[in-house]
Amino acid sequence: MLEKMDDRFDPEAVIEEFESLSRDAGRVQRETLQKILDENGETEYLQGWGLNGRTDPDSFNDCVPIVSHSDLEPYIQRIADGNSPCCLTGKPITTISLRWSLHKLSGTTQGKPKFVPFNDELMESTMQIYKTSFAYRNREYPIGNGKALQFIYSSKQFKTKGGLAAGTATTNVYRNAQFKKTMRAMQTPCCSPDEVIFGPDFHQSLYCHLLCGLIFRDEVQVVSSTFAHSIVHAFRTFEQIWEELVTDIREGTLSSCITVPPIRAAMAKLLEPDPELADTVYSKISGLSNWYGLIQELFPSTKYIYGIMTGSMEPYLKKLRHYAGELPLLSADYGSSEGWIGANVNPKLTPEVATFAVLPNIGYFEFIPLREDLNRQGQEAKPVGLTDVKTGEEYEILVTNFAGLYRYRLGDVVKVKGFHNSTPELQFICRRNLLLTINIDKNTEKDLQLAVEAAAQLLAGEKLEVVDFTSRVDLSMDPGHYVVFWEISGDPQDELLQECCNCLDRSFVDAGYLSSRKVRAIGALELRILRKGTFHKILDHYVGLGAAVSQFKTPRCVGPANNTVLQILSVNASRSYFSTAY
Ligand code: AMP
């Protein structure tokens, strides 16, 4: 009973708290910085910068350098080795997050995770973000008591040399008792048992997530995942395995493909022969045309679909909408393994225009203006504070938080769309680093995405789609050229793919690329078509190394050192086209 009371929270109180924090974002930021520096000022790291006890933004700005992950790596390594648990934070760091975000890795580090500190404060701000966006979401789309079909997966966990628990950030969150409590409080406990979420084989976990969803089909209120890719992946898989799922339900037995004993034991408790449910699912699926509205039909009480749908998840929106039918897509919050930044407090905005209101008490945030005229001759403009950003401008974001990151470059570019009271609402634009560059050309992940979208339009007439894509720069011939890899849902004619290839080439409109192409300082763009299932193989490869499906983002550009993925791409390429656009 007591626990039940504890679990509950009042969404209106959460909203009121956020309204009050955001009304006074400037003051809250100064206080938050002061608190972070008070708690951690004695650490080896901060002592090194001569703050001498000062905790104001100006001194902080003057004394402490802007860093990226590699600058902090030696400190985090010592924490992981158990040598100096307090070199970054006053309280010892006891857990490490493994960051497998492939789009953040570069050069020779590809294939190895990076270490990021994780602590209770980070867990707390995670729950604060979850509750805040839930409160606003629930106002617009109230849900009753029910369950969530969550496609969440834990990665392998291990101990560092110094004995610290290490797993991906989402794994550290799912394993924390607070997580379950918060999910219960939001009336959306996961319909799968823990054995499924924490199972050692994600194919088996996915199978059982789907099966649990069907067993509880009338109770499912929300279908969600951390990143939207996992939802699309789940229902693409459903298309392949649904008959087996229906058989399991009809007979009350579990497919022999599921071999992990604890998963089998947990699922046995949920399964019993249910021919009626099997018939219902069968007839719902038979009534679909090309799987349109699948989620809505399978889970009739679902109010919305929820997950991160912005940034590198945008290419999956079309497919997600197709599966969703009429159900709204609600984009989840903005953060990273290093810490959270903003909550989606305008749930009615479509994912394409979703914004994130910064929570001013979970960290101290600075913004480097990215206007060209401010960044002349390779010099960077000075960062400005949270309440000094301007609507319409783009910035690179710096984070200082309770997990021992100080003026830390997250590597993300955001645009200020407006303000919620006095805290900015940010739109995620892209990763700051360039994906494709040979000489003076500059193309980001977003540029690649737009080019692929434009070219993929040409397939729409044939009812075909690009399942997934990636790219690389090929310097093996002179001049170098871009290679774009596509996995397509069907088999179009050569002429059509040649057109797509030309369209891709023309869609990179960056001035550097255009002029280099014209003078042949960059060679003709190459489109390579991949066999079906290639991107599943890439996912499997990273999961095998210890990455988490829950945090998976397809690498949009494969670096020269990433031999295994290059190998997968080259073995699975079936056709290739060179642009004749220039
Ligand atoms: P990870 O550390 O694996 O969780 O990856 C964090 C990165 O994912 C961030 O730095 C962003 O680049 C991206 N990301 C996280 N949340 C969002 C979001 N809501 N919209 C777009 N990109 C996001």
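As the structure is a prediction and not an experimental result, all values here were calculated from the model.

Student: Just checking my understanding: could you explain the pairing of strand β16 (residues 423-431) for this structure?
Tutor: For a regular strand, side chains alternate in direction, first toward one face of the sheet and then toward the other. Of all nine residues that make up β16, nine are buried, and the element is covered over most of its length. Two strands pair when backbone bridges link them, and strand β11 (residues 356-358) and β16 are joined in this way by two bridges, in the antiparallel orientation. Residue Phe356 lies in a different strand from β16, and its bridge partner there is Leu426. The turn joining strand β15 (residues 405-420) and β16, which pair antiparallel and follow one another in sequence, is formed by two residues; a positive phi near 55° is taken by Asn421.

Student: What am I meant to see in the packing of aromatic side chains here?
Tutor: Pairs of aromatic rings are described using the distance from one ring centre to the other and the angle between the two planes. Taken as a whole and assessed by the stated rule, the structure comprises 25 aromatic pairs. A ring pair is formed by Tyr304 and Tyr306, whose centres lie 6.4 Å apart and whose planes are at 75°; its orientation type is edge-to-face. Like Tyr306, Tyr304 is buried. An aromatic cluster of at least three residues, connected via ring pairs, comprises Phe151, Phe235, Phe238, Trp242, Tyr282, Trp291, Phe299 and Tyr323. Against the face of Tyr141 rests Lys348, its NZ or CZ located 5.8 Å from the ring centre. Between Arg556 and the ring centre of Phe469, over which it is positioned, the NZ or CZ distance is 4.1 Å.

Student: In this structure, what is going on with the sheet that holds strand β2 (residues 114-118)? I would like to understand it.
Tutor: Backbone-to-backbone hydrogen bonds pair the strands of a sheet. The strands run either parallel or antiparallel. Spatially, four strands are ordered β2-β1-β5-β4 in an open sheet, and the strand pairing comes out mixed. Whereas interior strands pair on both sides, the edge strands pair on one side only; in this sheet they are β2 and β4 (158-159). Contacts from helix α6 (residues 69-80) reach β1 (95-99) and β2, with the element oriented near 70° to β2.

Student: So what exactly am I meant to see when it comes to the pairing of strand β17 (residues 466-474) here?
Tutor: The buried fraction of β17 amounts to eight of the nine residues, a majority that puts the element mostly inside the structure. In terms of strand pairing, β17 meets strand β18 (residues 481-488) through eight bridges, oriented antiparallel. Each bridged residue has a counterpart across the sheet, and for Val466 the counterpart in β18 is Ile488. Linking two consecutive strands that pair antiparallel, namely β17 and β18, is a turn of six residues.

Student: I'm lost on helix α20 (residues 534-545) in this one. Help?
Tutor: Spacing of three or four residues puts side chains on the same side of an α-helix, whose turn is 3.6 residues. Between its terminal C-alpha atoms α20 stretches 17 Å, which fits the 16 Å expected from twelve residues at 1.5 Å a residue. Turning to α20, its buried residues number three or more, namely Thr534, Phe535, Ile538, Leu539, His541, Tyr542 and Val543. Buried residues belonging to α20 abut α11 (202-215), α12 (229-251), β17, β18, β19 (526-530) and α21 (563-572). Remark: Gly546 follows α20 within two positions and exhibits a positive phi of approximately 120°.

Student: For this particular structure, what's the right way to read helix α13 (residues 261-268)?
Tutor: For α13, the set of buried residues is Ile263, Ala266 and Met267. Buried residues of α13 fall within an arc of 95° about the axis and therefore sit on the same side. The exposed set on the far side of α13, more than 90 degrees from its buried face, consists of Pro261 and Ala268. On its buried face, α13 is in contact with α10 (194-197) and α11.

Student: Help me understand the sheet that holds strand β6 (residues 220-227) in this model?
Tutor: An order of β3-β6-β7-β8 is seen for the four strands of this open sheet, with the pairing classed as parallel. A single partner strand is all that each edge strand has here, and the edge strands are β3 (147-150) and β8 (329-331). Here the average twist between neighbouring strands, direction ignored, is 25°. Direction of pairing for strand β7 (residues 304-308) relative to β8: parallel, over a ladder of three bridges. Opposite Tyr306, over in β8, you have Leu330 as the bridge partner. In the packing of helix α16 (residues 317-324) onto the sheet, the strands contacted are β7 and β8, and the crossing angle to β8 comes to about 140°.

Student: Looking at this model, I keep getting lost on the UniProt feature "domain: GH3 C-terminal" (unreviewed entry) in the protein. Mind explaining?
Tutor: The positions that UniProt labels "domain: GH3 C-terminal" (unreviewed entry) are, in the present scheme, residues 446-558. The straight-line gap between the two end C-alpha atoms of residues 446-558 is 16 Å; of that span, 43% is helix and 19% is strand.

Cut-offs used in this document
Residues numbered from 1 in each chain as written. Predicted model: local features only at pLDDT ≥ 70, side-chain atom pairs only at ≥ 80, totals over all residues. Heavy atoms only, no water. Buried < 20%, exposed > 50% of the residue type's maximum accessible area, 1.4 Å probe, protein only. Helix = DSSP H or I, 4+ residues; strand = E, 2+ residues; numbered from the N terminus. Pairing = 2+ DSSP bridges. Phe/Tyr/Trp six-rings, centres within 6.5 Å; stacked < 30°, edge-to-face > 60°. Lys NZ or Arg CZ within 6 Å of the ring centre and 35° of its normal. Contact = heavy atoms within 4.5 Å. Axes fitted to C-alpha atoms, helices over the stretch in contact; angles between N-to-C directions. Expected span 1.5 Å × (residues − 1). Arc of directions from axis to C-beta. UniProt positions renumbered as here; feature names shortened; annotations may be inferred.

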